Amino acid sequence: MSEKQPFEIGLYSFAELTPDPTTGELITSAQRLEELIETIELADQVGLDVFGLGEHHRPDFVSSAPAVILAAAAARTKRIRLSSAVSVLSSDDPVRVFQQFATLDLLSNGRAEIMAGRGSFIESFPLFGYDLRDYHTLFAEKLELLLKIREDVEVNWSGKHRPALTGQGVYPRPVQDPLPVWVAVGGTPESVVRTATLGLPLALAIIGGYPEQFEPMVTLYNRAVAQAGHDRAKLAVSINSHGFITDDAQEAHDIAFPPFVQVMNKIGRERGWPPMSRQQFDASCTLRGANFVGSPDEIIEKILFQHDLFNHDRFLLQMSVGTMPHDKMMHAIELLGTKVAPVVREEIGRRQAAQ
């Protein structure tokens, strides 16, 4: 990033394809993608800054190819930045990832971003023939190659997990130079330090626990950025969390809980987590909880509370943790763009001016 960005507010989605928790109805993949494009289009219209799309290779998500979906969204939007959230770089080819997002950047006139991560699911590793024992080295090596491609048109590089490049050109080149590459982390100190040392912006997922638990990670990032000789003002930190917004806080809880608990308990059964109760869910939606579920005023208060902790530059909200009614989702996006974002930006702008 060439200059300090204003505070950005946006959305991200995994394009879930799960049964309606009340009716059991499951829409088609085509309809889910149509609704997803509508949400991105609306997010652009109401002035949100970013839309991120996750990469997953499971039957309960339809976004195994985020760049393709984002390219469709590019044709129907004008201003909003279009990002992966995340690209599972470990099991992909950095050459192809760069080519896809450089193409998206050209189609969107400079609005593409890559958010690289190791992914929260492991299905892509056997799917593309990678060994999970190489989980850590795959990501480090492929991130190195992606940054090399971003820097040089003709690439000379060799590593363990991919054939060497001996001066081949990687095309097309994007509008943005450099094409933004973020690194998404779940709270591992080693990942935070590597991201800072490379001089890359940090996306920190907070989807459980208390926000204060993550404050040391942001402090570590800022310190490591300075130690590596990078300018923190040219970098950024994003907080990415789950949530949902309606006009009335109780309604927000009532709408969000059934799909949220359906998805989280399914994943929990796979990973050995205990089921989530309504009481636990409601507690997670309080000021010091992880989830941003409530009225616009509550969401504003919570973003600003976390800004006091992290002094972050971007906030992304995942409002489709499970299948939400499409009309309620569209209204939630409208509230985020028209009621929440302007107040948050004004207050954070005031804070920055007072520094």
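Preceding block: the structure.
What comes next is a walk through the structure. (Residues numbered from 1 in each chain as written. Predicted model: local features only at pLDDT ≥ 70, side-chain atom pairs only at ≥ 80, totals over all residues. Heavy atoms only, no water.)

**Notes on the pairing of strand 9 (residues 202-205)**
Okay, so step 1: Bridge count between strand 8 (residues 181-185) and strand 9: three bridges; the pairing is parallel. Each residue of the ladder has a partner; that of V185, found in strand 9, is L204.
Okay, so step 2: For the crossover that starts at strand 8, traverses helix 6 (residues 189-197) and ends in the parallel strand 9, the hand is right-handed.
Okay, so step 3: Direction of pairing for strand 9 relative to strand 10 (residues 237-245): parallel, over a ladder of four bridges. By the bridge assignment, L204 is partnered in strand 10 with I239. (Pairing = 2+ DSSP bridges. Helix = DSSP H or I, 4+ residues; strand = E, 2+ residues; numbered from the N terminus. Right-handed = clockwise from strand over helix to strand, strands pointing away.)

**Some remarks on the packing of aromatic side chains**
The description of two aromatic rings rests on the distance between their centres and on the angle between their planes.
Okay, so step 1: Summed over the entire model, instances satisfying the criterion amount to seven aromatic pairs.
Okay, so step 2: Aromatic side chains F257 and F281 sit 5.3 Å apart centroid to centroid with 55° between the ring planes, which places their arrangement in the tilted category. With F257 in helix 8 (residues 249-271) and F281 in helix 9 (residues 278-284), this residue pair connects regions lying 24 residues apart in the sequence.
Okay, so step 3: With a relative accessible area of 0%, F281 lands in the buried category.
Okay, so step 4: Both rings, one in F260 and one in F281, keep their centres 5.2 Å apart while their planes meet at 55°; by these two values the pair is tilted. Linking F260 in helix 8 with F281 in helix 9, this pair joins segments that are 21 residues apart in sequence. For the pair formed by F260 and F281, the shared burial category is buried.
Okay, so step 5: The ring centre of F121 lies 4.8 Å from the NZ or CZ of R271, which sits over that ring.
Okay, so step 6: Stacked on the ring of F292, the Lys or Arg K302 has its end atom at 5.1 Å from the ring centre. (Phe/Tyr/Trp six-rings, centres within 6.5 Å; stacked < 30°, edge-to-face > 60°. Buried < 20%, exposed > 50% of the residue type's maximum accessible area, 1.4 Å probe, protein only. Lys NZ or Arg CZ within 6 Å of the ring centre and 35° of its normal.)

**Examining empty space enclosed by the protein**
Empty space left among the atoms is revealed by rolling a probe the size of a water molecule over them.
Okay, so step 1: The final tally for this structure, using the stated rule, is two cavities of 30 Å³ or more.
Okay, so step 2: Its boundaries defined by the atoms lining it, the largest cavity holds a volume of some 50 Å³.
Okay, so step 3: The wall of the largest cavity is formed by T18, D60, F61, V263, K266 and I267.
Okay, so step 4: Grouping the amino acids of the lining of the largest cavity by side-chain chemistry returns three nonpolar, one polar and two charged.
Okay, so step 5: Taken as a whole, the second largest cavity holds about 40 Å³ of empty space.
Okay, so step 6: The wall of the second largest cavity is formed by H242, G243, F244, A256, F260, F281, N291, V293, V321 and M324.
Okay, so step 7: Among the elements that line the lining of the second largest cavity, the one with the most residues is strand 10, at three residues.
Okay, so step 8: A breakdown of the residues in the lining of the second largest cavity according to their chemical character gives seven nonpolar, three polar and no charged. (1 Å grid on protein atoms, 1.4 Å probe; cavity = no way out; pocket = protein on both sides within 12 Å on 5 of 7 lines; lining within 4 Å. Points joined across faces, edges and corners; volume = space filled by probe spheres on them. Nonpolar A, V, L, I, M, F, W, Y, C, P; charged D, E, K, R; others polar.)

**Topic: the layout of surface pockets**
Okay, so step 1: If you add up the space inside the largest pocket, you get close to 1000 Å³.
Okay, so step 2: Contributing to the lining of the largest pocket are 46 residues, with F14, G119, S120, A205 and I207 lying nearest its centre.
Okay, so step 3: Looking at the lining of the largest pocket, the elements that each hand over two or more residues are strand 5 (112-117), helix 5 (135-151), strand 8, helix 6, strand 9, strand 10 and helix 8.
Okay, so step 4: Here the residues of the lining of the largest pocket are counted per class, giving 24 nonpolar, 16 polar and six charged.

**Overview of the nonpolar core**
Okay, so step 1: L11, L48, I245, M319, I333 and V344 are the most contacted members of the largest nonpolar core, which has 111 residues in total.
Okay, so step 2: I245 has contacts with G294, S295, P296, I299, L317, M319, A332, L335, L336 and V340, leaving out every residue within four places of it along the chain. (Core = buried A, V, L, I, M, F, W, Y, C linked by side-chain atoms within 4.5 Å. Contact = heavy atoms within 4.5 Å.)

**Examining a negative patch on the surface**
Okay, so step 1: On the surface, D247, D248, D297, E298 and E301 cluster together into a negatively charged patch.
Okay, so step 2: Looking at D247, the relative accessible area reads 51%, which means it is exposed. (Patch = residues over 30% accessible without salt bridge, like charges linked within 9 Å, V, L, I, M, F, W, Y side chains within 5 Å. Areas by Shrake-Rupley, 256 points an atom, 1.4 Å probe, with all protein chains shown as cover. Salt bridge = Lys/Arg side-chain N within 4 Å of Asp/Glu carboxyl O. Lys, Arg positive; Asp, Glu negative; His and termini not counted. Charge placed at Lys NZ, Arg CZ, Asp CG, Glu CD.)

**Some words on helix 10 (residues 296-310)**
Okay, so step 1: The end-to-end C-alpha separation of helix 10 is 21 Å, in line with the 21 Å expected for 15 residues at 1.5 Å each.
Okay, so step 2: Directly after helix 10, the chain includes N311, whose backbone phi takes a positive value near 50°. (Expected span 1.5 Å × (residues − 1).)

**Section: the packing of helix 1 (residues 29-45) against helix 11 (residues 326-354)**
Okay, so step 1: Viewed as axis vectors pointing N to C, helix 1 and helix 11 meet at an angle of 20°, and their least axial separation amounts to 9 Å. Judged on the interaxial angle alone, helix 11 and helix 1 are roughly parallel. In the packing of helix 1 onto helix 11, the handedness of the crossing is right-handed. Contacts between helix 1 and helix 11 involve E35, E38, T39, L42 and A43 from the first element and H326, M329, M330, I333 and E334 from the second. (Axes fitted to C-alpha atoms, helices over the stretch in contact; angles between N-to-C directions. Parallel < 35°, antiparallel > 145°, perpendicular 65-115°, else oblique. Left-handed = near helix turned anticlockwise from the far one by under 90°.)

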